[in-house]
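Spelled out, the chains give:
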Amino acid sequence: MSERRNVLFITSDQQHWFTLGYLNPEVKTPNLDRLAARGMAFHRAYTVNPTCTPTRASWITGLYPSQHGAYSLGTKLMEDVPTVGDCFQRGGYRTALVGKAHFQPLKSTPEYPSIEAYPKLHDLDFWRGFTGPFYGFERAELARNHTDEGHAGQHYALWMIEKGYANWREYFLPNGKPFAEGDPLTDSPHAQRRPGEAWEIPEDIHYNAWIAERTNALMKQYAEAGENFFLWASFFDPHPQYMVPEPYASMYDPAKVTVPEFTEGEFEDKPPYFALSQQERPDFSAFQEPEGHGIHGAGSHLRSREVKARHIATMYGMMTMLDAYVGKIIDQLDELGLAASTLVCFTSDHGDFWGQHGLTMKAIHHYEDLLRVPLLVSLPGTVPQGVVSQSLQSTVDLAQTFLSVAGLPVPRTMAGVDEKPVWFGEVPTIRDHVIVENQHQPTTMNLRTYIGSRYKITVHYHREYGELYDLQEDPGELHNLWSVPDCQALKGELLLRFLYGEMAKAPRPMPRIIGA
């Protein structure tokens, strides 16, 4: 293997930044804590978009969703968009992804084909013959389901069969017309399962085991061949529905977890749709439009304290199980003697609500709970150890930074920032702001947030309402300053900074090489 650095990218799905043991004593994550201790932990890292497809496409392109085109769930990243994997391959690296991609939607059309769609998800003959190329990954081993969703299939299903579980479908619900009609599982106990209950799947065929096993096999293969690699282990948890097998399902007592609560009156100064979340049958029809196809979070968020406590306890179990399998990957890296030559980066695509502000799961509310993400980086001997940084970080910067750390050229077409000087401890910070996009509907639910060191402002497309928070004086974001008379000069200044930020994020594919 050459002296160049490898990149091991490990991700979770929909993880609140506070669900790490070194921050929150209610949950146990010893391996992620170990990763934080041997590197840097960034406590002001933000997603580029609070939903899956846009963010994951940004991770591999170094572009904002408005630039790479996969602007919302239900869209796809076009195959002709250059990716970080393409760059690594040109540099002589092996590239592989194991786990969740979600670069394409569950529906395929002639104009917008998707191999992550029905019925191809369950066409195991197709997946036996396909392992890539896929968006810059020469090898891709994929799945699409969260917990027991009926989307389960693809390479994950083939692996379960190889493990001797020809009956693997028994552990997953039917989903979609091809399987819901006449499927013998429709009337099984699995179809009646409630989130928060134990998942009956054997641990040895849980997707955490699959992702860790296959990631380690590829890592060992590359190491033995002396090849550099960009390897992505993409986990699905703790994305709802909250479900996990024993012993993790009963590891945490719902009576002993902290349950966040809604603060009475906190939505009175917020955009009007916030209050709808606290109604039993809210009407979001005003936000529907052609090509919209539904809004995540546009429904009732009312849950009893008992239900929320059960979900939190189960989610903590999911985190502890995920952590155990992340540990297996880190252990393998150490055993192969690759730790000092491999950048390890752990993050999540976006945050989560489990009661904060009266909200649940991911939504259309740009609170810190949803926008902030865990970000841990480690490279012993190069990245400072045991450092907690308050440097603003955006996950749009990952692609550029990975290439820079590996010593490869960074394309001018990428829009983010090379954070290597911060990650290596050479400078305390580079960014003075981050921008989060969320075009969940084409026009009616289209919002962007600018976050600086102290203030945070959210603009809603063609709406008079907005949000402005002083994160220093009001870290809980209870008091919206958007319409406060004494804050109008501040709002104007922040809107101008926002505009500057939008102008600055446009990539410049080439320099000016002559006057005309």
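Structure: see above.
Since we're looking at a predicted model, the values are computed, not measured. (Residues numbered from 1 in each chain as written. Predicted model: local features only at pLDDT ≥ 70, side-chain atom pairs only at ≥ 80, totals over all residues. Heavy atoms only, no water.)

## Side note on the overall build of the chain
- Looking only at helices and strands, one finds 14 helices and 14 strands in the chain.
- Taken against the 2.2 N^0.38 rule, which gives 24 Å for 516 residues, the C-alpha radius of gyration of the chain at 22 Å falls within 12% of a compact globule.
- When its C-alpha atoms are laid out on the principal axes, the chain stretches across 65 × 65 × 50 Å.
- Sorting the 516 residues of the chain into buried and exposed places 59% on the buried side. (Helix = DSSP H or I, 4+ residues; strand = E, 2+ residues; numbered from the N terminus. Rg over C-alpha atoms; globule rule 2.2 N^0.38 Å. Buried < 20%, exposed > 50% of the residue type's maximum accessible area, 1.4 Å probe, protein only.)

## What to know about the environment of Gly-327
- Along the polypeptide, Gly-327 turns up in helix α10 (residues 305-335).
- With relative accessibility at 2%, the residue Gly-327 sits in the buried group.
- In this structure the C-alpha to C-alpha distance between Gly-327 and Ser-66, which are 261 residues apart in sequence, comes to 35 Å.
- In this view, Gly-327 contacts Asn-31 and Arg-34; residues no more than four positions away in its chain are not counted. (Contact = heavy atoms within 4.5 Å.)

## Focus on the sheet that holds strand β13 (residues 455-460)
- As summarised here, the arrangement of the four strands in space is β11-β12-β13-β14, forming an open sheet in which the pairing is antiparallel. Bordering the open sheet on either side are β11 (433-439) and β14 (466-470), each of which pairs with just one other strand. Across the sheet, the mean angle from the axis of one strand to that of its neighbour is 10°, orientation sign disregarded.
- Here helix α14 (residues 488-504) sits on the sheet in contact with β11, β12 (446-452), β13 and β14, set at roughly 75° to β13. (Pairing = 2+ DSSP bridges. Axes fitted to C-alpha atoms, helices over the stretch in contact; angles between N-to-C directions.)

## Some details on the pattern of salt bridges
- The tally for this structure, following the rule as stated, stands at 27 salt bridges.
- For Arg-448, the salt bridge is made with Glu-502, and the minimal N-O distance between the two is 3.1 Å. Of this pair, Arg-448 sits in strand β12 while Glu-502 sits in helix α14, placing them 54 residues apart in sequence.
- Taking relative accessible area as the criterion, Glu-502 reaches 21% and is therefore assigned partly exposed.
- Bridged by salt links that share partners, the residues Asp-13, Arg-56, Lys-100 and Asp-349 form one connected network. (Salt bridge = Lys/Arg side-chain N within 4 Å of Asp/Glu carboxyl O.)

## As for the packing of helix α8 (residues 207-224) against α10
- Running from N to C, α8 and α10 point in directions that differ by 10°, and their axes come no closer than 9 Å. By the angle between their axes, α8 is roughly parallel relative to α10. Contacts from Asn-208, Ala-209, Ala-212, Thr-215, Asn-216, Met-219 and Lys-220 of α8 reach α10 at Met-321, Leu-322, Tyr-325, Lys-328, Ile-329, Gln-332 and Leu-333.
- A class-by-class count of the residues in the contact of α8 with α10 yields eight nonpolar, four polar and two charged. (Parallel < 35°, antiparallel > 145°, perpendicular 65-115°, else oblique. Nonpolar A, V, L, I, M, F, W, Y, C, P; charged D, E, K, R; others polar.)

## Description of the pairing of β11
- Of all seven residues making up β11, six are buried, and the element is well covered by its neighbours.
- Both β11 and β12 contribute to a ladder of seven bridges, which runs antiparallel. Bridging across to β12, Ile-435 finds its partner in Tyr-450.
- Linking β11 to β12, which pair antiparallel, is a turn of six residues.

## Some remarks on helix α6 (residues 154-162)
- Judged by how many residues are buried, α6 sits mostly within the fold: seven of nine residues are covered.
- Downstream of α6 by one or two residues, Gly-164 has phi in the positive range, about 95°.

## Brief notes about the nonpolar core
- Grouped together as the largest cluster of nonpolar side chains are 127 residues, with contacts concentrated most on Phe-88, Phe-402 and Trp-423.
- Top element by residues in this core is α10. It accounts for 14 residues.
- If you look at the next biggest cluster of nonpolar residues, it comprises 24 residues, including Tyr-273, Ile-295, Leu-359 and Ile-364. (Core = buried A, V, L, I, M, F, W, Y, C linked by side-chain atoms within 4.5 Å.)

## Topic: the sheet that holds strand β8 (residues 375-378)
- Spatially, β5-β4-β6-β1-β7-β8-β2-β9 is the arrangement adopted by the eight strands of the open sheet, whose pairing is mixed. What marks the edges here is a single partner per strand, and that holds for β5 (139-143) and β9 (387-389). On average, adjacent strands in this sheet sit at an angle of 10° to one another, irrespective of strand direction.
- Pairing analysis gives four bridges linking strand β7 (residues 342-348) to β8, with the strands arranged antiparallel. Paired with Val-344 across the bridge in β8 is Ser-378.
- Set on the sheet, α8 makes contact with β1 (6-12), β4 (94-100), β5 and β6 (229-234); between it and β4 the angle comes to about 175°.
- Along the sheet, helix α12 (residues 398-406) makes contact with β1, β6, β7 and β8, crossing β7 at roughly 170°.

## What about the packing of aromatic side chains?
- All told, the structure shown has 39 aromatic pairs when counted by the stated rule.
- Taking 5.7 Å as the distance between ring centres and 70° as the angle between the ring planes, the aromatic pair formed by Trp-59 and Trp-232 counts as edge-to-face. Taken together, the residues span a long stretch of sequence, with Trp-59 in helix α2 (residues 52-61) and Trp-232 in strand β6 at a distance of 173 residues. Each member of the pair, Trp-59 as well as Trp-232, is classed as buried.
- Between Tyr-273 and Phe-287, the ring centres sit 5.8 Å apart and the planes meet at 80°, which makes this aromatic pair edge-to-face. Of this pair, Tyr-273 sits in helix α9 (residues 273-276) while Phe-287 sits in the loop between α9 and α10; the two residues are 14 residues apart in sequence, bridging distant segments of the chain. Comparing Tyr-273 with Phe-287, the two get one shared label, buried. (Phe/Tyr/Trp six-rings, centres within 6.5 Å; stacked < 30°, edge-to-face > 60°.)

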